[in-house]
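Summary of the model geometry
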Amino acid sequence: MSKYNHLENYEWFGHFYTPDEEIEFPGKLSYSPEDGVVLEFMCPMKFIKPHSYIHGLLSNNEPCTLFGEFDSNKFGFRIGKYSIFQGKIKFDSVMFGDHFSNDDKFTGFIVDFTNFQEFCCPEILRNSIEYSDTPLLEHPTDSLDIRLVNQGLFDHVQNDYSNIFHCKNEKVVNKIKEFFINLENDFPDEKILVRKEIEWFIEILFKSSSSIETIRQQIHSFENLLSLLIYKPVIRNILSIGKMNDNEKIHYFPYLTSIFGLNKNRINLIKHKIIHYHMPINLKNIDFKYVIKNWMNLEDGFLLFSSMILSEDRKIHHHEILSGIILLLTMLESISDEINAERKDKYTAPFNKFDKTKIINKLKRYLSAQTNEEIGILLSDLRAEIVH
């Protein structure tokens, strides 16, 4: 998996050049959640035709490809005995591990999202969860396969098993040692590993190889979905892009992207960890495969709502609260239309059909209502007061 995280800061020095090697120059490549992928550089002043990507070799000997506009008409410059271009350019993304072009097609991607690990399993239980080499769930569509998969960090078992197992009774530890020594003797070609970590990832595999732009759209789609489920801004965390190699196996390349609209308030909110048991919706209490299937068909109808959650930060103005209430009530009306509810029940029918009493009980408390019908009346009055 990728060694780069979208919530961390990175900096590399390197040697960069256009795809046709028309010009080469040194530069400093950096990434931060707020600024995205940025290249600061200087190069000889000469005509350089525009490019939509450039290549680089970083000081850690890692090749990379920067996707985005590279146009000398937008560079800064210094005129003198030695005239140079200099610039600080924000790129859309950077892929590590090889040199690519915009024409390259990719097999898929594997991604972790903020708070997704806690969504899947409470941290306190992870050591007891069984690791799976096969997908935990899989949903095929006409164009792609969507999978929930495990990733694990393993370490070799060393000969001194007393470092792994502990018991006050030394005979027990010796018995364990004896068992593993016999096991190694019986299977000398096998490696025995100890699991250190377990994680959950979304893996997308395309039926036909797709462009990097298509991949970015799919990533954003899942950010929208998880933001709705967790009810908090969610962004990609660790991300790798898959490409088929010459041996017909998928090789994954680390990938960092510039994310629009991240500021310190939003980043702090996104980083804030939510406890699994405090999530009204989590992997344990929904049919995630069914949710994904519906999302693929209904996503466009939720864009306004998911965008509102994704753009949230800690500073909420009065007019945003009012517009948010109107939007939520409009969503309730839309759901009521879908389930053919009566007009008088437009604000309560969705709760009566789908809620497990959690939301409806909170609304009764907040609105000082005694019945579901009274909730509908009070919400209708609230909407009228805000609008007029």
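We now turn to the structure provided with this report. (Residues numbered from 1 in each chain as written. Predicted model: local features only at pLDDT ≥ 70, side-chain atom pairs only at ≥ 80, totals over all residues. Heavy atoms only, no water.)

**Things to note about the overall build of the chain**
The helix and strand tally for the chain stands at ten helices and 14 strands. The principal-axis extents of the C-alpha atoms in the chain amount to approximately 80 × 75 × 40 Å. Here the chain holds 388 residues, and 43% of them are scored as buried. Sequence-distant contacts in the chain: of pairs separated by 6 or more residues, those separated by 24 or more amount to 69%. Entry remark: accessible area of the chain is about 22,700 Å², with carbon and sulfur atoms responsible for 51%. (Helix = DSSP H or I, 4+ residues; strand = E, 2+ residues; numbered from the N terminus. Buried < 20%, exposed > 50% of the residue type's maximum accessible area, 1.4 Å probe, protein only. Contact = heavy atoms within 4.5 Å. Areas by Shrake-Rupley, 256 points an atom, 1.4 Å probe, with all protein chains shown as cover.)

**With respect to the packing of aromatic side chains**
Taken as a whole, this structure holds 17 aromatic pairs when the rule is applied. For the ring pair F25 and F70, a centre distance of 5.8 Å and an interplane angle of 5° mean the geometry is stacked. Remark: F70 occurs in strand 5 (residues 63-70) and F25 occurs in strand 2 (residues 24-32); sequence separation between them is 45 residues. Ring centres of F179 and F180 lie 5.4 Å apart, and the angle between their planes is 80°; on these two criteria the pair is classed as edge-to-face. With relative accessibility at 15%, the residue F180 sits in the buried group. Cluster of aromatic residues (ring-pair linked, three or more members): Y4, Y10, W12 and F96. Over the face of the ring belonging to F106 we find K243, whose NZ or CZ atom lies 5.3 Å from the ring centre. (Phe/Tyr/Trp six-rings, centres within 6.5 Å; stacked < 30°, edge-to-face > 60°. Lys NZ or Arg CZ within 6 Å of the ring centre and 35° of its normal.)

**Digging into helix 6 (residues 303-310)**
The set of residues buried in helix 6 consists of F305, S306, I309 and L310. When helix 6 is viewed along its axis, its buried side chains cluster within an angular range of 135° and face the same direction. Summarising the contacts, the buried residues of helix 6 are in contact with helix 3 (212-230), helix 4 (264-271) and helix 7 (318-338). (Arc of directions from axis to C-beta.)

Such coordinate-based values are descriptive only and should not be taken to indicate function.
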